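# Architecture at a glance
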Amino acid sequence: MTESEGAMTGTDEQDRKKMLSLSRPGRLELKKTVETGQVRQSFPHGRSKTVTVEVKKKRTFTQGAGGRMTEVRDAPVLEGEFDEQAHAVRNLTAEEAQRRIKALQEATHAEAEAKARAETDAEHAAHEAEREAEEARRHAEEEEERRAREAEAKRAEEAAKAVEAKKAPEAPTPPAQQPPAAVPVAAAQPAPTPAAPSRPPMRQAQAPRPQQPPRGLPPGSSQPLPERHRMAGPVRVERAPPSRGVLERKPPGRPEQPIVPQPEARTPQPKGRDEAPATADDDDAPKNRKVGRLEAKKPAPGAARARTDARRRDGGKLTIQKALNEDERMRSLASVRRQREKMKGHDEGAGDQKIVRDVVVPETITVQELANRMAERSGDVIKALMKMGVMATITQSIDADTAELIVGEFGHKVKRVAESDVEIGLKGDADAAEAMQPRPPVVTIMGHVDHGKTSLLDALRHADVAAHEAGGITQHIGAYAVTLESGQKITFIDTPGHEAFTQMRARGANVTDIVILVVAADDGVMPQTIEAINHAKAANVPILVAINKVDKPGVDTRRVKTDLLSHNLVTEDMGGDIQAVEVSAKTGQGLDKLVEAILLQAEVSDLRSNPERAAEGAIIEAKVERGRGSVATVLIQRGTLHVGDLFVAGAEWGRVRALIDDKGQQIEQAGPSTPVEVLGLNGTPQAGDDFSVVDSESRARDITSYRQSKQRDQAATAAARGSVEQMMAKAQAGAAKSFTVVLKSDVQGSLEAIKASLEKLSVPEAEARILHAAVGGINESDVTLAKAAGAKIIGFNVRANPQAREMAKRDGVTITYYSIIYNVIDDAKAALSGMLAPTLRENFLGNASIRQIFNITKTGKVAGCMVTEGIVKRGAKVRLLRDNVVIHEGTLKTLRRFKDEVREVREGFECGMAFENYDNIQVGDVIECFEIEAIARTL
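Residues numbered from 1 in each chain as written. Predicted model: local features only at pLDDT ≥ 70, side-chain atom pairs only at ≥ 80, totals over all residues. Heavy atoms only, no water.

## Examining the overall build of the chain
Here is the rule: What counts as a helix is a DSSP run of H or I of at least four residues, what counts as a strand is a run of E of at least two, and both are numbered from the N terminus. Buried residues are those whose accessible area, probed at 1.4 Å on protein chains only, stays under 20% of the maximum for their type, while exposed residues exceed 50% and partly exposed ones sit between those limits. Contacts are residue-level and defined by heavy atoms, with any inter-residue pair within 4.5 Å sufficient. Under the convention used here, a 1.4 Å probe and the Shrake-Rupley method define accessible areas, while residue burial counts only the protein chains that appear.
Looking only at helices and strands, the chain has 20 helices and 37 strands in total. Here the chain, with 939 residues, has 34% of them falling under the buried criterion. Counting only contacts in the chain whose residues sit at least 6 apart along the sequence, the fraction spanning at least 24 positions is 68%. Working note: accessible area of the chain is about 58,400 Å², and carbon and sulfur atoms make up 51% of it.

## Let's talk about the sheet that holds strand β11 (residues 478-483)
Each strand in a sheet pairs with another by means of backbone hydrogen bonds, the pair being arranged parallel or else antiparallel. So the rule is basically this: Strand pairing is assigned whenever DSSP detects at least two bridges linking the two strands. Note on definitions: angles span 0 to 180 degrees between N-to-C directions of axes, and those axes are lines fitted to C-alpha atoms, for helices only across the stretch in contact.
Strand order in this open sheet of six strands is β11-β12-β10-β13-β14-β15, and the pairing throughout is mixed. Two strands bound the open sheet, and with one partner strand each, they are β11 and β15 (579-582). On average, each strand axis in the sheet is tilted by 25° relative to the strand beside it, whichever way the strands run. Both β11 and strand β12 (residues 489-494) contribute to a ladder of six bridges, which runs antiparallel. Bridging across to β12, Ala479 finds its partner in Ile493. Where helix α11 (residues 453-461) meets the sheet, it contacts β10 (442-447), β11, β12, β13 (514-520) and β14 (543-548), and its direction lies at approximately 155° from that of β12.

## Focus on the packing of helix α9 (residues 378-387) against helix α10 (residues 400-409)
Short version of the rule: By the definition adopted for this analysis, an angle is roughly parallel if under 35 degrees, roughly antiparallel if over 145, roughly perpendicular if from 65 to 115, and oblique otherwise. Less than a right angle of anticlockwise turn of the near helix away from the far helix marks a crossing as left-handed, whereas a clockwise turn marks it as right-handed. Note on residue categories: nonpolar means Ala, Val, Leu, Ile, Met, Phe, Trp, Tyr, Cys or Pro, charged means Asp, Glu, Lys or Arg, and polar means any other residue, Gly included.
α10 packs onto α9 with a crossing angle of 115° between their chain directions and a minimal axis gap of 10 Å. Relative to α10, the element α9 is oriented roughly perpendicular. In the crossing of α9 with α10, the sense of the turn from one axis to the other is right-handed. For the pair α9 and α10, contact is made by Val381, Ala384 and Leu385 and by Thr402, Ile406 and Glu409, respectively. Across the contact of α9 with α10, the residue classes tally to four nonpolar, one polar and one charged.

## What to know about the sheet that holds strand β28 (residues 792-796)
Taken in spatial order, the four strands line up as β27-β26-β28-β29 in an open sheet, and their pairing is parallel. Sheet topology places β27 (766-775) and β29 (815-818) at the edges, where each strand pairs with a single neighbour. For this sheet, the mean angle separating the axes of adjacent strands, direction not counted, is 25°. In this sheet, β27 lies alongside strand β26 (residues 737-745) in parallel orientation, the contact comprising nine bridges.

## Quick notes on the nonpolar core
Formally: To define a nonpolar core, start from buried Ala, Val, Leu, Ile, Met, Phe, Trp, Tyr and Cys residues and group those joined through side-chain atoms within 4.5 Å.
Leu456, Phe492, Ile516, Leu594 and Ile598 are the most contacted members of the largest nonpolar core, which has 26 residues in total. Residue assignment for this core shows that the elements contributing at least two residues are β10, α11, β11, β12, β13, β14 and α15 (591-605). Those residues in contact with Phe492 that lie beyond four places of it in its chain are Val443, Ile445, Leu457, Leu460, Gly478, Ala479, Tyr480, Val482, Ile516 and Ile598.

## Examining the packing of helix α18 (residues 780-789) against helix α19 (residues 802-811)
Interaxial distance between α18 and α19 falls to 8 Å at its minimum, and their mutual angle equals 20°. Here α19 runs roughly parallel to α18, going by the angle between their axes. Like other packed secondary-structure pairs, α18 and α19 cross with a definite hand, here right-handed. Every residue of α19 that contacts α18 at Glu780, Val783, Thr784 and Lys787 is listed here: Gln803, Ala804, Met807, Ala808 and Asp811.

## Section: the packing of aromatic side chains
The relation between two aromatic rings is expressed through the spacing of the ring centres and the mutual angle of the planes. Applicable threshold: Pairing of aromatic rings covers Phe, Tyr and Trp, the last counted by its six-membered ring, and requires centre-to-centre distances within 6.5 Å; plane angles under 30 degrees mean stacked, over 60 mean edge-to-face, and any other angle means tilted. In this analysis the charged atom, NZ for Lys or CZ for Arg, is taken to sit over a ring once it is within 6 Å of the ring centre and within 35 degrees of the ring normal.
If you walk through the whole model with that rule in mind, you get two aromatic pairs. When the ring of Phe915 is compared with that of Tyr918, the centres are 6.4 Å apart and the planes differ by 90°; the resulting orientation is edge-to-face. Classification of Phe915 as buried rests on a relative accessible area of 3%. Note on Tyr918: relative accessible area 21%, which makes it partly exposed. Its guanidinium or amino end placed over the ring of Tyr817, Arg799 lies 4.6 Å from that ring's centre, counting from NZ or CZ. Sitting over the ring of Phe930, Arg879 keeps its end group 3.8 Å from the ring centre.

## Looking at α19
Threshold: The directions from the helix axis to the C-beta atoms are what the arc is built from.
Turning to α19, its buried residues are Ala804, Met807 and Ala808. All buried residues of α19 lie within an arc of 100° about the axis, which places them on one face of the element. Facing away from the buried side of α19, by more than 90 degrees, are the exposed residues Pro802, Glu806, Lys809 and Arg810. Each element contacted by the buried residues of α19 is listed here: α18 and β29. Among the residues trailing α19, Gly812 stands out with phi positive, at a value near 75°.

## Considering the pattern of salt bridges
The condition is simple: We define a salt bridge as a side-chain nitrogen of Lys or Arg found within 4 Å of a carboxyl oxygen belonging to Asp or Glu.
Under the defined criterion, the tally for this structure stands at 42 salt bridges. Its salt-bridge partner being Arg137, residue Glu141 comes within 2.4 Å of it at the nearest N-O pair. Here Glu141 and its partner Arg137 are both found in helix α3 (residues 94-167), four residues apart, which amounts to about one turn of the helix. Here Glu141 falls in the partly exposed class, since its relative accessible area comes to 37%.

## Digging into the side chain of Arg613
Tracing the chain through its elements places Arg613 in the loop between β16 (608-609) and β17 (616-625). Since its relative accessible area comes to 18%, Arg613 is described here as buried.

## What about the confidence of the model for the chain?
Detailed reading of predicted coordinates is not advised where the pLDDT is low. Selection criterion: Looking at any residue, its pLDDT shows the predictor's confidence there, from 0 to 100.
Confidence along the chain averages 75 in pLDDT terms, with 70% of residues attaining 70 or more. Under a pLDDT of 50 for its full length, residues 1-11 has, in the predicted model, one contact with residues more than four places off or in other chains. Note on residues 77-89: pLDDT is under 50 here. Beyond four places in sequence and across chains, it has 11 contacts.

## A closer look at α10
To keep things clear, this is the line we draw: N or O atoms closer than or at 3.5 Å make up a polar contact, with two conditions inside protein: a donor-capable atom paired with an acceptor-capable one, and, for residues adjacent in sequence, both atoms drawn from side chains.
For α10, the set of buried residues is Ala400, Thr402, Ala403, Ile406 and Val407. Each buried residue of α10 sits inside an arc of 160° when the element is viewed along its axis, so together they form one side. Residues of α10 that are buried sit in contact with β5 (358-361), β6 (364-366), α8 (367-374), α9, β7 (397-399) and β8 (413-416). At the N-terminal end of α10, a side-chain oxygen is found 3.1 Å from the backbone nitrogen of Asp401, two or three residues along, and the residue is Asp399. Within two residues after α10, Gly411 carries a phi angle of roughly 85°, on the positive side.

## Structural notes on the pairing of strand β20 (residues 646-649)
Residues of β20 alternate between two faces, with Leu646 and Val648 on one and Phe647 and Ala649 on the opposite face, all of them buried. As judged from the four bridges shared by β20 and strand β21 (residues 652-660), these two strands associate in the antiparallel manner. Looking across to β21, one finds that Ala649 is bridged to Glu652. Linking β20 to β21, which pair antiparallel, is a turn of two residues; within it Gly650 sits at a positive phi near 65°. Relative to strand β25 (residues 690-694), β20 runs antiparallel, the two being bridged by four bridges. When the sheet's bridge partners are listed, Ala649 is paired in β25 with Phe691.

## Quick word on the environment of Pro764
With respect to the helices, strands and loops of the structure, Pro764 is situated in the loop between α17 (748-761) and β27. Separated by 72 residues in sequence, Pro764 and Leu836 have C-alpha atoms that sit 9.7 Å apart.

## Points about the state of the cysteines
Put simply, the rule is: In what follows, a disulfide is any cysteine sulfur pair within 2.5 Å.
With the rule as written, the count across this model stands at zero disulfides. Unpaired in this structure, Cys865 has its nearest cysteine sulfur neighbour in Cys911, at a distance of 5.4 Å. Residue classification places Cys865 among the buried residues on the basis of a relative accessible area of 2%. Looking at the unpaired Cys929, the closest cysteine sulfur is the one in Cys911, lying at 9.9 Å.

Okay, here's the thing in structure tokens:
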């Protein structure tokens, strides 16, 4: 290393060891980047809070030439300039740079146009303001001219009145009420003086002023007034009309504008000395005098408070004279508003009478609600109730009759309503005659069990439904649509014939147009045939008789027609109007004649309906299916049902999700006399309920809510009544036994048939108690309920899920499955029969006559007897008869022959007998021996 290089290295090291310092005196600091301020935030109810607001600024520094840090500021790019540094950093192409320059030029041009447009708008606004000011000035001048003319007319009128007053004798006026001499306004105007300084000089330095007597002193009094009654600066005071009592101060040197007084509407009153005209130096004039508007500079601090104190002290008691003459006194804004509202209400209600309202009164209503509907005070309503002897608070409910009396007493009109009013208009209005169109007939097939109803329908439909029925009998009601070869349609409803399905048969008769009464030629008229006849007559529908099974040898159809005569069914061949057709479902004999008879009866009935309206119908059957939920079979009676319609079905409602016909095909709509399955129910309705389409979901909810509450009330009433009856029966005959079941079925019709059958089996000593009955499969909740109540679960055409089966097996709950209804009834009858107490029957054994009485130690009296009839057994019941009167009934303690105990003694033999705990026996008494036999009872 050379010497020069070593010196250079040392210098660099010294430079690196040098301390950091500023190049010039000063402090190393950053400028303030946060601007703070305070604002007041307002809240409701008059609350407020001071909030500190900070505004933070972002500052960017970069290292410039010489290592100094400089702040980077965004400099605007002028038109035509190009940012070379940005271009260098980002390596922009010439084309991109030209596009950016063009965009900047367009932005600058748009900004210039906006600025020019803003200046034009400002000039236009200024011109408009000048025009409005000129118009206001012109209006003001016209108003001043008008007021001048009115003032001139008023002065002329006053002059005329003064002339008339001079003609009349003048009465002496008290000195206190002499009007003061008028002082001209020009005399009261002071000479122009220089403007007062910002801070008034002290009292001693002020020039002396002529003193005016204060309020209540004679005019010549020189008593000084307090300083709060004095005003700084010259004041020009003019008389103002009563409607303008504002002081207007004007600085000296400004030209005066003449103030034209307003014409006074009231009669002029004599003025006292309290209302003397004020002069320029009259600072101490009373506050209640009439003064004009003064223009002056802003009063010194405390002047307003001084004037308020003077008004409070000098005002005194408000008299009529002061109220008429004191125009300077200002009313508050709230007072003016109250007066206007009062006058407005007075004007509106000046000629109005009490408003008579139509008050809607439901079955029960609270006092508060009744008062609100009448627009009356609750206290008045309570008083009216107390006058009637009804003590009720504002939250208590009163009945409709009491509410009606109250409404009448207050003079309103009563409109009584009930909860059932929600169903008003649900059925709709009657259809017009021109809107009616022909519809297919609805035919119900009825008859006794096993008379061939389903087979006859299968022959008409070319189907095989009967072969798939459990037990060979129909247990469900079905609806089918049949299209004939001619294109005509007929809707058939198949009803069960078993005696348990009475309600199904009644339901089928109520929704049908024609009833086909099927009677087997070999059986004739049977009990369910008679029941079907009664249902058809109750529904007032025509009956067609189909005599089935005529293909059997040896049948007599004449006998069937003769049996029908006893039920007022006279066939046509016997001179009546009932059509009777001989058919055979097996061979198809007479089916065409049956169809012809159906079409003829439908033509005579002239079946018509309006398809262009909301659908209405009846629930034929309802069930719960896995994956589809609640499904209802509906027969549309009038109107057309579409997918998506809102409907009400009994106590349930829903929206149509799908429509399925009797062949399992989905359809979009269903017209009159069409049976369909409806999906989309919120719950499972009862079979036989009405089906109606509604316009809104809220209406559907209201109707179903009312119907559900009604069902709950009916169930509670029935349960309470049954409980009381059962309690009385138990008190008389001891504790009654019950056969408790949880019933689950596949469809609603089968469920109600089983319930009705079990209820018929109940007797006072043993009743069938249905703990829960529903449609659907057996689940865990059913098992839990059955375990808690010790009940048995009956499943009709349903099964339990795996979880329910496992729980039932673990808890020991019995689940029994059935598919035929009479098996359910037979098992229930056997179970109830086993709970019945047996019937006791007495069997006579024999008689024995007492011949001699023996007293034996440790045994008591022993009767020596001769068996005269029958046999006497040890342990049997005995009666002691004396003169053919029973005096004792008990059991034998001992039966001996000679000295040996024997089991029985027959007729003609002697024996010794002793009674258990009884020894009042005599010679000649007769002992009757008998036994009690228990016989099992059956239902």
